[in-house]
Amino acid sequence: MSEDRMNLSCDCCWLKPWAFYAEGSTRFWVHYGLVIFGFVLAGITACVQCCKPAPYGRHEGEDGGLVPKIPLRLSHMMSDALPGVVMFLLVFFLYGSVRSYQNYVFLVLFLLHYVHRGIIHPLVMRYKSSWVYIGIAIGGFIPNCIYHFINADFISSATYASHYYYDPRFILGIILYLVGFVINRWADWKLRSLRNTKGVPDGGSDYNIPYGGLFELVSCPNYFGELVEWTGWCIATWSLAGLVWLLFCAATFVPRSRHNHLWYKQQFELYPPNRKALIPFLF
Ligand SMILES: NC(=O)c1ccc[n+]([C@@H]2O[C@H](COP(=O)([O-])OP(=O)(O)OC[C@H]3O[C@@H](n4cnc5c(N)ncnc54)[C@H](OP(=O)(O)O)[C@@H]3O)[C@@H](O)[C@H]2O)c1
């Protein structure tokens, strides 16, 4: 593995993300082959999701036919905790080899998101249905494995400049990541509170109009927060791995937020007319 990596003695090599792997080496091709595949997959995802929203939650529909279902909470853990926590840690510690504070900061940030998303979130959220099509789990698991592999590979291989902690990219990226994290957590928590189980025997499966905070501006602040998070990640890690993951998330969130927004308008006559779908005042 170490033969495959360039010996980065200069402090400016981190300006070029591709310089972290010896050009033409196995590691270079594995990493950038997957990055290229990731760009293609993000494009395909955007097209597919624009045509039809993924069939879970409010868009589940009835057209699953004979497709088997699995428990929803298990599905989220499979598709998010396995790649985002277990695989990420294995790649970081077994495959990567650079160990400075920047690498650990990025590891902690990524785990902060995925321990919540892959373990806590599925356990605490109040879902309409306890079952989901197995395709949703697989459709989340496979892309997550690809994108999380390249991100873990990058942040455990990159040698950042020793003074990177006061680089504007590091500072701005981390601020954006944390702001997005808080927005995402707050919005999901707010949605959870719309299903107040007190005195509701089935746990409450209705949808209500969310009000307050960023919900006054957009229908899906949870997606908006996550987009801000990965924008921060992309800037702070300064990597193509971060960029392609951000594009994949956008390929999911942009069309789905539009579908959710239209769904709200159809369901609720009194839905606030000035609210946008995903990005305040713009979209
Ligand atoms: N990185 C990625 O590619 C990616 C992809 C998808 C999601 N995510 C993240 O995963 C999290 C959940 O995503 P999601 O697509 O499941 O979000 P969602 O559709 O907004 O639903 C989130 C939760 O809130 C409930 N809910 C939503 N709107 C509601 C309303 N108006 N009234 C009552 N309950 C409502 C949902 O119940 P039901 O399930 O019963 O509808 C679900 O339990 C988000 O933080 C998102 O950012 C990430």
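Residues numbered from 1 in each chain as written. Predicted model: local features only at pLDDT ≥ 70, side-chain atom pairs only at ≥ 80, totals over all residues. Heavy atoms only, no water.

Examined against the element boundaries, Leu94 turns out to sit in helix H2 (residues 72–95). Measuring from C-alpha to C-alpha, the distance between Leu94 and Asp153 comes to 9.9 Å, with 59 residues separating the pair along the chain. (Helix = DSSP H or I, 4+ residues; strand = E, 2+ residues; numbered from the N terminus.)

Right, let's talk about the nonpolar core for a bit. Phe106, Tyr147, Phe154, Trp230 and Trp233 are the most contacted members of the largest nonpolar core, which totals 49 residues. At the level of secondary structure, the elements contributing two or more residues to this core comprise helix H1 (26–51), H2, helix H3 (101–124), helix H4 (134–155), helix H5 (168–194), helix H6 (221–237) and helix H7 (240–267). Beyond its immediate chain neighbours, meaning those up to four positions away, Tyr147 contacts Gly38, Leu41, Ala42, Val244, Trp245 and Phe248. With seven residues, the next largest nonpolar core counts Ile70, Leu72, Val132 and Ile136 among its residues. (Core = buried A, V, L, I, M, F, W, Y, C linked by side-chain atoms within 4.5 Å. Buried < 20%, exposed > 50% of the residue type's maximum accessible area, 1.4 Å probe, protein only. Contact = heavy atoms within 4.5 Å.)

We now examine unusual backbone geometry. Positive phi, close to 50 degrees, is recorded for Trp238, a residue that is not glycine. Checked against the element boundaries, Trp238 lands in the loop between H6 and H7. Residue Trp238 is classed as partly exposed on the basis of its relative accessible area of 34%. The phi dihedral of Phe281 falls on the positive side, at around 70 degrees, and the residue is not glycine.

Quick look at the site of the ligand now. Near the ligand, the surroundings consist of 25 residues, among which Tyr56, Asp188, Tyr207, Tyr223 and Glu226 are the closest. Note that an oxygen atom of the ligand is positioned 2.5 Å from one of the side-chain N or O atoms of Tyr207. At a separation of 2.5 Å, an oxygen atom of the ligand approaches a polar side-chain atom of Glu226. Burial of the ligand by the protein chains amounts to 94% of its free accessible area of 880 Å². Among the residues making up the shell around the ligand, the classes are represented as 11 nonpolar, six polar and eight charged. (Near = heavy atom within 4 Å. Polar contact = N/O pair within 3.5 Å; in protein donor to acceptor, adjacent residues only side chain to side chain. Areas by Shrake-Rupley, 256 points an atom, 1.4 Å probe, with all protein chains shown as cover. Nonpolar A, V, L, I, M, F, W, Y, C, P; charged D, E, K, R; others polar.)

On to the side chain of Arg185, then. Topologically, Arg185 is positioned in helix H5. One buried charged side chain, Arg185, makes no salt bridge at all; its nearest oppositely charged neighbour is Glu229, positioned 4.5 Å away. In contact with Arg185, not counting residues within four places along its chain, are Leu112, His113 and His116. (Lys, Arg positive; Asp, Glu negative; His and termini not counted. Salt bridge = Lys/Arg side-chain N within 4 Å of Asp/Glu carboxyl O.)

Turning our eyes to something else, we now look at the confidence of the model for the protein. Model confidence for the protein is summarised by a mean pLDDT of 91, while 88% of its residues fall at 70 or above. Of all the helices and strands in the protein, strand E2 (residues 131–133) carries the lowest mean pLDDT, 94, while H6 carries the highest, 98. Every residue in residues 1–10 scores below 50 in pLDDT, and together they form 23 contacts with partners more than four places removed in sequence or on other chains. (pLDDT = per-residue confidence, 0-100.)

Going through the model one piece at a time under the given rule, you end up with four salt bridges. For Asp153, the salt bridge goes to Arg27, with nearest N and O atoms at 2.6 Å. In this pair, Asp153 sits in helix H4 while Arg27 sits in helix H1, placing the two residues 126 residues apart along the sequence. Taken individually, Asp153 and Arg27 each receive the classification buried, so the pair is uniform in this respect. Note that Arg117 and Asp80 form a salt bridge whose closest N and O atoms lie 3.7 Å from each other.

In this section: the environment of Pro221. Residue placement: Pro221 occurs in helix H6. Residues in contact with Pro221, not counting those within four places in the same chain, are Ile183, Ala187, Leu214 and Phe215.

It is worth spelling out H5 at this point. In this model, H5 (27 residues) spans 39 Å end to end at C-alpha, consistent with the 39 Å of a helix rising 1.5 Å per residue. Where H5 begins, one side-chain oxygen reaches toward the backbone nitrogen of Arg169, 2.8 Å away; that side chain belongs to Asp167. (Expected span 1.5 Å × (residues − 1).)

Let's shift gears to a nonpolar patch on the surface. A contiguous nonpolar surface patch, about 570 Å² in accessible area, is contributed by Leu82, Val86, Leu90, Phe93, Leu94 and Tyr104. Ranked by the residues each element gives to the nonpolar patch, the list is headed by H2, at five residues. In this fold, Val86 is placed in helix H2. For Val86, a relative accessible area of 43% puts it in the partly exposed group. (Patch = residues over 30% accessible without salt bridge, like charges linked within 9 Å, V, L, I, M, F, W, Y side chains within 5 Å.)

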